[in-house]
Amino acid sequence: MNTLAILGGSFDPVHNAHIQMAIRAEQEFGLDKIIFVPAYKPPHKDKLSASAEDRYNMLGFALEKYPKFDIDMYELNLKREVFSYQMLDYFRIKYNNYDIKMIIGADSFNQLGAWRQAEYICKNYGFYVLQRPNIKINKTSPYYKYCKFSKSVMYDISSTEIRDMVKKGQDITDFVPEEIVDYIRKNKLYL
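Residues numbered from 1 in each chain as written. Predicted model: local features only at pLDDT ≥ 70, side-chain atom pairs only at ≥ 80, totals over all residues. Heavy atoms only, no water.

A. Examining the overall build of the protein more closely. The helix and strand tally for the protein stands at eight helices and six strands. Its C-alpha atoms give the protein a radius of gyration of 16 Å, within 12% of the compact-globule value 16 Å for 191 residues. With the C-alpha coordinates of the protein rotated into their principal frame, the extents come out at 45 × 35 × 30 Å. Within the protein, the proportion of its 191 residues that are buried is 49%. In the protein, the proportion of contacts linking residues at least 24 apart, taken out of those at least 6 apart, comes to 71%. Within the structure as shown, the protein displays about 10200 Å² of accessible surface, and the carbon and sulfur contribution to it stands at 46%. Both charge centroids of the protein, one from 27 positive and one from 24 negative side chains, sit 5 Å from each other. (Helix = DSSP H or I, 4+ residues; strand = E, 2+ residues; numbered from the N terminus. Rg over C-alpha atoms; globule rule 2.2 N^0.38 Å. Buried < 20%, exposed > 50% of the residue type's maximum accessible area, 1.4 Å probe, protein only. Contact = heavy atoms within 4.5 Å. Areas by Shrake-Rupley, 256 points an atom, 1.4 Å probe, with all protein chains shown as cover. Lys, Arg positive; Asp, Glu negative; His and termini not counted. Charge placed at Lys NZ, Arg CZ, Asp CG, Glu CD.)

B. Layout of the state of the cysteines. One pass over the structure, following the stated rule, counts zero disulfides. Cysteine C122 shares no disulfide, and the gap to the nearest cysteine sulfur, in C147, comes to 5.5 Å. Under the relative-accessibility criterion, C147 is labelled buried at 11%. (Disulfide = S-S within 2.5 Å.)

C. Inspection of the environment of G60 at higher detail. In this structure, G60 sits in helix α2 (residues 52-63). The partly exposed category is assigned to G60, whose relative accessible area is 26%.

D. Structural view of the pairing of strand β2 (residues 33-38). Counted residue by residue, β2 has six buried out of six residues, so it is predominantly covered. Of the two faces of β2, the one carrying K33, I35 and V37 and the one carrying I34, F36 and P38 are both buried. Sheet topology note: the strand β1 (residues 2-9)/β2 ladder contains six bridges and is parallel. If you follow L4 over to β2, its bridge partner there is K33. Regarding the hand of the β-α-β motif, the stretch spanning β1, helix α1 (residues 16-29) and β2 is right-handed. Note: β2 against strand β3 (residues 69-71), three bridges, orientation parallel. Each residue of the ladder has a partner; that of F36, found in β3, is I71. In this region the chain leaves β2, passes through α2 and returns to the parallel neighbour β3; the handedness of that crossover is right-handed. (Pairing = 2+ DSSP bridges. Right-handed = clockwise from strand over helix to strand, strands pointing away.)

E. Structural detail: the packing of aromatic side chains. For the coordinates displayed, the defined rule picks out 16 aromatic pairs. Ring centres 5.3 Å apart and planes at 85° place the aromatic pair F109 and F149 in the edge-to-face group. Remark: F149 occurs in strand β6 (residues 147-153) and F109 occurs in helix α5 (residues 106-109); sequence separation between them is 40 residues. By the burial criterion, F109 is buried, and F149 matches it. An angle of 25° between the planes, with centres 4.6 Å apart, marks the rings of Y144 and F149 as stacked. You can call Y144 partly exposed: its relative accessible area is 29%. Of the aromatic side chains, those joined through ring pairs into one cluster are Y74, Y90, F91, Y95 and Y98. Positioned over the ring face of Y155 is R24, at 5.9 Å from the centre of the ring. Positioned above the aromatic ring of F83, the side-chain terminus of R116 is 4.0 Å from the ring centre. (Phe/Tyr/Trp six-rings, centres within 6.5 Å; stacked < 30°, edge-to-face > 60°. Lys NZ or Arg CZ within 6 Å of the ring centre and 35° of its normal.)

F. Structural context of the pattern of salt bridges. Under the definition given, this model contains ten salt bridges. In this structure, D72 and K94 form a salt bridge, with 2.7 Å as the shortest nitrogen-oxygen distance. Note that D72 is positioned in the loop between β3 and α3 (74-78) and K94 in helix α4 (residues 84-94), a separation of 22 residues in sequence. We classify D72 as buried; its relative accessible area is 7%. We classify K94 as partly exposed; its relative accessible area is 42%. (Salt bridge = Lys/Arg side-chain N within 4 Å of Asp/Glu carboxyl O.)

The structure is reproduced here in structure tokens:
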């Protein structure tokens, strides 16, 4: 069966750790396809800095050289808060010949108990979990058996820090793809 992984997020902006997560998951777990799903309104955030259109455009520029990576506008088109279990059910219908899982970081894995329908997601889909610096996986979690864990540790980059750096006029070229640096400058984002 073909394998498909969903990487959801605000991508405000997309950065090198997002891309690296997808690359490592593709290589380590032998994935056939990875779909990035930008959130319209994430359940855990009050507001986003860049518009849905800008976040979608930045993702498009960042992913264009990766043939196995795609973007889906499911949440952006709905224009409302969508929970992960709802998004995964949508993809199960759209890609019914794929085994579907979500890609998350170790920090998110340790917070699965707070997710809406976490047990449903685990039993019907599961997770690819990527290690984060200084985050210890909770091996006693009831969700542990539904996950596949990466052996490599991801970069520790946050979109919040990148937005703050832009606001302060600092160089972000080490943290985001070159196309994104240009897009942010051209569109005067995060100032």
